[in-house]
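Per-entry structural report
Residues per chain, in single letters:
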Amino acid sequence: MFTDVQAVLFDLDGTLIDSAPDLAAAADAMRTARGLPSLPFSVYRPMAGAGARGMLGVAFGISPEHPDFLALREEFFCNYERCMTQRTRIFDGVPSVLAKLVQQGLKWGVVTNKSERFTLPLTRSMPLFDSANVIVSGDTTPFSKPHPAPLLEAAKRLAVQPERCVYVGDDERDIVAGLAADMATVAVTYGYLGQQTDTSKWGAHASINCVNDLLGLLKIPV
């Protein structure tokens, strides 16, 4: 259990929301536009946490080193921008957990590697984020996770010491960043990497199989 917590910060994709269907649709549309057969959603989903890099890797088998990667990435971004609120959903239990955090007087917010180009329109379209005290995107600071700078920026904006914050995420980069920022860390196993990766090796202070388990770590009645 964590004590003296004043704020809880969350990763976005794979932690609070399931954006994999829209990410996959944006990439798969690029395949079909080129006369290639559509791929099943199941092959895209495990790589959703890696964003454009992951989706383009699945769709075309390319890496960021490929000479066409930047052009394809921008095409993917434009596709995703048009559809990013069509299929994305909130993970079960998230609204009630966030409501309980607010009821307990805890601040909460988002720290994501998603750029502001997508983070702000997406969160503004979902009432879930109306009570968020801070939202830090991947390009809010000069660095993105696993660098601790975005988390430290969030703590600064909340006027909360980092050691009084808990950071919750579904990617090893989240835990690395949280530890570097001197925050308590929680790895979630229901995100995109849980089934493919041994999250116990990330070094998080705790792990949860569903978001409701977070309340027990914070000693908040379910």
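Our structure's up above, just so we're on the same page.
Residues numbered from 1 in each chain as written. Predicted model: local features only at pLDDT ≥ 70, side-chain atom pairs only at ≥ 80, totals over all residues. Heavy atoms only, no water.

Moving on to the sheet that holds strand β5 (residues 134-136). Paired through backbone hydrogen bonds, the strands of a sheet run either parallel or antiparallel to each other. With parallel pairing, six strands are arranged side by side in an open sheet as β5-β4-β1-β6-β7-β8. For this open sheet the edge positions go to β5 and β8 (206-208), each flanked by a neighbour on one side alone. Going across the sheet, the axis of each strand differs from the next one's by a mean of 20°, ignoring polarity. When strand β1 (residues 7-10) meets strand β6 (residues 165-169), the two strands line up parallel, connected through four bridges. (Pairing = 2+ DSSP bridges. Helix = DSSP H or I, 4+ residues; strand = E, 2+ residues; numbered from the N terminus. Axes fitted to C-alpha atoms, helices over the stretch in contact; angles between N-to-C directions.)

It is worth spelling out the pattern of salt bridges at this point. A complete count under the given rule lists eleven salt bridges for this structure. Here arginine 87 ties to aspartate 22 by a salt bridge, and the two come within 2.9 Å at their closest N and O atoms. Placement of the pair is arginine 87 in the loop between α4 (69-83) and β3 (89-90) and aspartate 22 in helix α1 (residues 20-33), with a sequence separation of 65 residues. On the accessibility criterion, aspartate 22 (0% relative accessible area) is buried. Among the salt bridges present, the one from aspartate 171 reaches arginine 173, with a minimum N-O distance of 3.1 Å. When its relative accessible area of 11% is taken as the criterion, aspartate 171 is described as buried. Via salt bridges that share partners, Asp11, Lys145 and Asp174 belong to a single interconnected network. (Salt bridge = Lys/Arg side-chain N within 4 Å of Asp/Glu carboxyl O. Buried < 20%, exposed > 50% of the residue type's maximum accessible area, 1.4 Å probe, protein only.)

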